[in-house]
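Structure assessment
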Amino acid sequence: MNQNVDAGCPQPAIGITSAGDKAGILTGNFNFQHKNTALLSVTSVEAPVVMTSAEFDERLAPSLKRLRLSKRLLERVAGVSERRWWSPGTDFDDAAIEAGAKAIAEAGVEPSEIGLLINTSVTRRNLEPSVAVKIHNALGLPSSALNFDLANACLGFVNGMTLAANMIESGQIKYALIVAGEDAQGTQEATFARLNHPDSTREDYLREFATLTLGSGAAAAVIGRADENPGSHRIMGGVSRAGTEHHELCVGGVDGMYTDTKGLLDGGLELVVNAWDEAHEKGWDWRSMDRYVTHQVSNSYTNAIIKAVDLVRDRVPITFPRWGNVGPASLPMTLAQESRTLNPGDRVLCMGVGSGLNTMMMEIAW
């Protein structure tokens, strides 16, 4: 753990008005800082069934031919070569349970010490009860442990970490477990059927193209007090920003996801750049991080963000070609992969954008 990270950390900016907001609106919660919270572990579970984009092209071959659309668009345009589905009989929450158990074991804490469980999965099979209750029960967490779902599209996991950090620093809980498990198969099967219908159009294919980039996977993290866990990774804080005027650009449900790809890219980039610039005005310096762990979507989104805020390209790990977009599990799965090569003192910036739109950037001192 970096023992000298406090020197470069900004103080919270409370009640400061930004140029990007309407005059007189306070943006005090835009910039947040954690003083004694750390990441103890982060784990992932990779779904075992590989579904290549070539296989998806074959499933859609009748419509691609009828609509005069070329094959390999998923690889050439999105950069997604494959994604994963769960084995028959494995549910997304089973995978979240597995990831959670791994995270608790790697953190070196007892399930009885967990005071909060937040499930951040987009995937769910019913409206109630929460997905969290099954995970809470399966992991043997105590009845005193708060448990609930937190949904905010692909940004949910990072939101969950922030909420848990605040509860830890308030003294309400000692340890928190954040999980996400995603299953893309059902939505993609429904999309195949819809796009292969004789009445489907090119516009339908383009609106549902992003659905075909989704993947299945699971992740979990345990966080706790930094001063009680030597060698853990300090969660320094970060920034968040909302662009909810874009809430209709990407709308997903059990049967499908409909996306204005260009509008989502343009709106997301504007939001990220505004947050990035204002963060640096408030004292954060993220221009030379050792790793930039971004939410994984596609070639175009990744390249656009790298260019927009001038990131060092070889410090941005890429996982979407193998996993696709795994929703809120995407960022922590990538962080779990990178944790194997991170060294004490490395600075990591987690960056995500979720449908709605919302963005958050969080610094971790490894």
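The preceding data block contains the structure.
Residues numbered from 1 in each chain as written. Predicted model: local features only at pLDDT ≥ 70, side-chain atom pairs only at ≥ 80, totals over all residues. Heavy atoms only, no water.

Observations regarding the overall build of the protein
Looking only at helices and strands, the protein features twelve helices and 14 strands. Radius of gyration (C-alpha) of the protein: 20 Å, near the 21 Å computed for a compact globule of 366 residues. Judged by the C-alpha coordinates and their principal axes, the protein covers about 60 × 50 × 35 Å. Evaluated residue by residue, the protein yields a buried proportion of 56% over its 366 residues. Restricting the contact set of the protein to residue pairs at least 6 apart, pairs at least 24 apart contribute 78%. Approximately 15,400 Å² of the protein is accessible, and the part contributed by carbon and sulfur atoms is 52%. The centroid of the 32 positive side-chain charges in the protein is displaced by 5 Å from the centroid of its 43 negative side-chain charges. (Helix = DSSP H or I, 4+ residues; strand = E, 2+ residues; numbered from the N terminus. Rg over C-alpha atoms; globule rule 2.2 N^0.38 Å. Buried < 20%, exposed > 50% of the residue type's maximum accessible area, 1.4 Å probe, protein only. Contact = heavy atoms within 4.5 Å. Areas by Shrake-Rupley, 256 points an atom, 1.4 Å probe, with all protein chains shown as cover. Lys, Arg positive; Asp, Glu negative; His and termini not counted. Charge placed at Lys NZ, Arg CZ, Asp CG, Glu CD.)

Brief notes about the packing of helix α9 (residues 261–281) against helix α10 (residues 299–308)
One can describe the packing of α9 onto α10 by two numbers: an axis separation of 10 Å at closest approach and a directional angle of 30°. Of the possible angle classes, the one that applies to α9 and α10 is roughly parallel. Crossing of α9 against α10: the hand is right-handed. Note on element contacts: α10 touches α9 through Ser300, Tyr301, Ala304, Ile305 and Ala308, opposite Thr261, Leu264, Leu265, Leu269 and Val273. (Axes fitted to C-alpha atoms, helices over the stretch in contact; angles between N-to-C directions. Parallel < 35°, antiparallel > 145°, perpendicular 65-115°, else oblique. Left-handed = near helix turned anticlockwise from the far one by under 90°.)

A look at the nonpolar core
Taken as a class, soluble globular proteins show a tendency for nonpolar side chains to be buried jointly. Ranked by internal contacts, the top residues of the largest apolar core, which has 37 residues, are Leu39, Met161, Ala176, Ile178, Ile223, Leu335 and Val348. Contributions of two or more residues to this core are made by β2 (37–46), β5 (114–119), α6 (156–169), β7 (175–182), β8 (217–225), α12 (330–338), β13 (347–354) and β14 (358–365). Among the elements that line this core, the one with the most residues is α6, at seven residues. Ignoring any residue separated from it by four or fewer positions in sequence, one finds Leu39 in contact with Met161, Ala221, Val222, Ile223, Ser232, His233, Ile235, Leu335, Ile364 and Trp366. Grouped together as the second largest cluster of nonpolar side chains are 29 residues, Ile97, Ile135, Leu141 and Ala220 included. (Core = buried A, V, L, I, M, F, W, Y, C linked by side-chain atoms within 4.5 Å.)

Observations concerning the packing of aromatic side chains
For the structure on display, the rule yields five aromatic pairs. An angle of 55° between the planes, with centres 5.9 Å apart, marks the rings of Tyr205 and Phe209 as tilted. With respect to burial, Tyr205 and Phe209 carry one shared label: buried. The ring of Phe56 has Arg83 sitting right over it, with the charged end atom 4.1 Å from the ring centre. (Phe/Tyr/Trp six-rings, centres within 6.5 Å; stacked < 30°, edge-to-face > 60°. Lys NZ or Arg CZ within 6 Å of the ring centre and 35° of its normal.)

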